[in-house]
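Each chain is listed here by its residues.
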Amino acid sequence: MKKILQDLSFEQLKSLTVSFGAPQFRAKQLYEGLMRGKRISDINIDKDLKDRLLETYEDEPVAIEKTFTAADGTEKYLFRLSDGNMIEGVLMKHSYGNTQCVSTQVGCRMGCKFCASTLGGLIRNLTSGEILSQVLVVNALKSDKKSRAITNVVLMGSGEPLDNYENTVAFLKNVSAAGGINISPRNISLSTCGLVPQMYSLADEGLPINLTVSLHQTTDAERQRIMPIANKYGISEILAACSNYFEKTGRRYIFEYTLIEGENSDLRHADELAALLKGRPCHVNLIGLNAVKERDLKGTGKLSAERFEERLKSLGISATIRRSMGAEIGGACGQLRAKYMR
Ligand code: SAH
């Protein structure tokens, strides 16, 4: 595999073009082209520079292999990477704009029992440019000349973003860079299964993104049954890391809680969750389980979800049931890739 030009910040791209003996303004043309989702070969720069770049860098690091469209307008993409690996992403349309969900790894090694992304383990980390290119190619597909189609980004596709920390942080910086696609950190949400040390590091990056934590249980013993990472970090350590995130960034944080029948959906769990979170500057997103073929876990009905939500609210916890989008096209992370691999 060649190198990925989209890994570079504008400053780094400038040094590169200068090292190739090209004038500085070429870097600007190149950068603008890349940020519009163009291939190197399609950018209008002199042939000499183009040929030299193409010797070392991938022309199209992320290509859309297939698109699936759901009735609600949600689009799911199967992307092909230059080494033939496949990843997936989702574009969700909201009244306030379009949210793109990106993957950060090919596969995942976290082993959560309900998740399709982790079924085949971790294949490899994505580079920052491969994460960025998912946004760039979909934005190019959906934008007209004047406006930018993607307004929000969520790191909730395949992979654990904080298990690929350096590349994820480089991506966050590049995707929010003023001269680039310029997505405000406030419109970016990163979801983690709770890698505590990296949650502390992230708080010090000076990037006011939204931090979302996949909690899914109320006690460590029960969490360990469905999330192996719970053997390493306890819920109290996660909560302390969240408090630190709030102190450092001023950002409220969000907990994801996927309701699983017989595991975490009793009203007893709602009471325990409320006790854990009482008084914290946080919100709970209740998620309906997208049943994964290879796993025997089941979701709860809508009624139990509403009962759970009501109970949390009556105990003073801000909570909503996340609207499920594009379920019929395999909206849950990893489902599409798993199907394709089969
Ligand atoms: N690795 C990150 C990002 C994962 S995806 C994390 O763990 O947070 C985003 C959310 O979808 C997580 O809360 C994850 O637990 C949840 N999720 C995974 N598989 C799911 C499924 N089959 N149904 C519902 N939610 C699921």
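Note that the structure is a prediction, hence the values are computed from the model and not measured.

Right, let's talk about the overall build of the chain for a bit. Counting secondary structure elements, the chain contains 11 helices and 12 strands. Computed over C-alpha atoms, the radius of gyration of the chain comes to 21 Å, within 12% of the 20 Å expected from 2.2 N^0.38 for 342 residues, which places it in the range of a compact globule. Along the three orthogonal principal directions, the C-alpha set of the chain runs to about 65 × 45 × 35 Å. Counting across all 342 residues of the chain, residues that qualify as buried make up 54%. For the chain, the share of sequence-separated contacts (at least 6 apart) that also reach a separation of at least 24 residues comes to 66%. Summed over all atoms, the accessible surface of the chain reaches about 14900 Å², with 49% contributed by carbon and sulfur. Positive and negative side-chain charges in the chain, numbering 45 and 39 respectively, have mean positions lying 3 Å apart.

Axis separation between helix α5 (residues 165–175) and helix α6 (residues 196–203) bottoms out at 12 Å; the angle between their running directions is 30°. The angle between α5 and α6 falls in the class roughly parallel. Note on packing geometry: the crossing formed by α5 with α6 is right-handed. For the pair α5 and α6, contact is made by Y165, V169 and L172 and by Q198, S201 and L202, respectively. Looking at the contact of α5 with α6 residue by residue, the classes come out as four nonpolar, two polar and no charged.

Evaluation of the coordinates by the stated rule reveals zero disulfides. Free cysteine C108: the closest other cysteine sulfur is in C115, separated by 6.5 Å. Look at C108 and you get buried, because its relative accessible area is 9%.

We now examine helix α10 (residues 302–314). Counted at 1.5 Å a residue, the expected span for α10 with its 13 residues is 18 Å, and the 18 Å between its end C-alpha atoms agrees. Where α10 terminates, the next one or two residues include G316, which has phi positive at roughly 85°.

This part covers the site of the ligand. Close contacts around the ligand come from 18 residues, with E160, S191, S214, H216 and N290 the closest. Taking E160, its side chain carries an N or O atom lying 3.0 Å from a nitrogen atom of the ligand. A distance of 2.6 Å separates an oxygen atom of the ligand from a polar atom in the side chain of S214. For the ligand, the accessible surface in isolation is 530 Å², of which the surrounding protein chains cover 93%. Breaking the shell around the ligand down by element, the ones donating at least two residues are β8 (188–192) and β10 (253–259).

Moving on, we get to the layout of surface pockets. In this structure, the second largest pocket spans a volume of roughly 440 Å³. Looking at the second largest pocket, it is lined by 15 residues, and the ones nearest its centre are M35, R36, N139, D144 and K145. Sorting the residues of the lining of the second largest pocket by element identifies α2 (24–35) and α4 (128–142) as the ones contributing at least two each. Domain assignment of the residues forming the lining of the second largest pocket places at least three in each of domain 1 (5–56) and domain 2 (63–341).

Bringing the domain arrangement of the chain into the picture now. For the chain, the assigned domains are domain 1 (5–56) and domain 2 (63–341). Measuring from the centre of the C-alpha atoms in domain 1 to the corresponding centre in domain 2 gives 33 Å. Domain 1 puts nine residues into the contact, and the matching count from domain 2 is 13 residues. Around 790 Å² of area is buried between domain 1 and domain 2 when both sides are counted, 53% of it from carbon and sulfur atoms.

This part is about the packing of aromatic side chains. If you walk through the whole model with that rule in mind, you get four aromatic pairs. Centroid distance F10 to Y31: 5.1 Å. Interplanar angle 45°. Geometry classified as tilted. Pair noted here: F10 is in helix α1 (residues 10–19) and Y31 is in helix α2, with a separation of 21 residues, a long-range link. For the ring pair Y77 and F79, a centre distance of 5.9 Å and an interplane angle of 25° mean the geometry is stacked. For the residue pair Y77 and F79, the accessibility class agrees, reading buried in each case. Taking the ring centre of F20 as reference, the NZ or CZ of R52 above it sits at 4.3 Å.

On to the pattern of salt bridges, then. One pass over the structure, following the stated rule, counts 21 salt bridges. With a shortest N-O distance of 3.6 Å, E60 and R39 are connected by a salt bridge. Of this pair, E60 sits in the loop between α3 (47–56) and β1 (62–69) while R39 sits in the loop between α2 and α3, placing them 21 residues apart in sequence. One salt bridge connects E306 with K302, and the closest N-O pair in it is separated by 3.3 Å. Within this pair, E306 and its partner K302 are both found in helix α10, separated by four residues, close to a single helical turn. Overlapping salt bridges, with partners in common, bring together E75, K93 and K142 in one network.

Tracing the chain through its elements places S15 in helix α1. As for S15 and A270, which are separated by 255 residues in sequence, their C-alpha atoms are 54 Å apart.

Quick notes on the rules
- Residues numbered from 1 in each chain as written.
- Predicted model: local features only at pLDDT ≥ 70, side-chain atom pairs only at ≥ 80, totals over all residues.
- Heavy atoms only, no water.
- Helix = DSSP H or I, 4+ residues; strand = E, 2+ residues; numbered from the N terminus.
- Rg over C-alpha atoms; globule rule 2.2 N^0.38 Å.
- Buried < 20%, exposed > 50% of the residue type's maximum accessible area, 1.4 Å probe, protein only.
- Contact = heavy atoms within 4.5 Å.
- Areas by Shrake-Rupley, 256 points an atom, 1.4 Å probe, with all protein chains shown as cover.
- Lys, Arg positive; Asp, Glu negative; His and termini not counted.
- Charge placed at Lys NZ, Arg CZ, Asp CG, Glu CD.
- Axes fitted to C-alpha atoms, helices over the stretch in contact; angles between N-to-C directions.
- Parallel < 35°, antiparallel > 145°, perpendicular 65-115°, else oblique.
- Left-handed = near helix turned anticlockwise from the far one by under 90°.
- Nonpolar A, V, L, I, M, F, W, Y, C, P; charged D, E, K, R; others polar.
- Disulfide = S-S within 2.5 Å.
- Expected span 1.5 Å × (residues − 1).
- Near = heavy atom within 4 Å.
- Polar contact = N/O pair within 3.5 Å; in protein donor to acceptor, adjacent residues only side chain to side chain.
- 1 Å grid on protein atoms, 1.4 Å probe; cavity = no way out; pocket = protein on both sides within 12 Å on 5 of 7 lines; lining within 4 Å.
- Points joined across faces, edges and corners; volume = space filled by probe spheres on them.
- Domains from an automatic or database assignment.
- Buried area = accessible area lost by both parts, 1.4 Å probe.
- Phe/Tyr/Trp six-rings, centres within 6.5 Å; stacked < 30°, edge-to-face > 60°.
- Lys NZ or Arg CZ within 6 Å of the ring centre and 35° of its normal.
- Salt bridge = Lys/Arg side-chain N within 4 Å of Asp/Glu carboxyl O.

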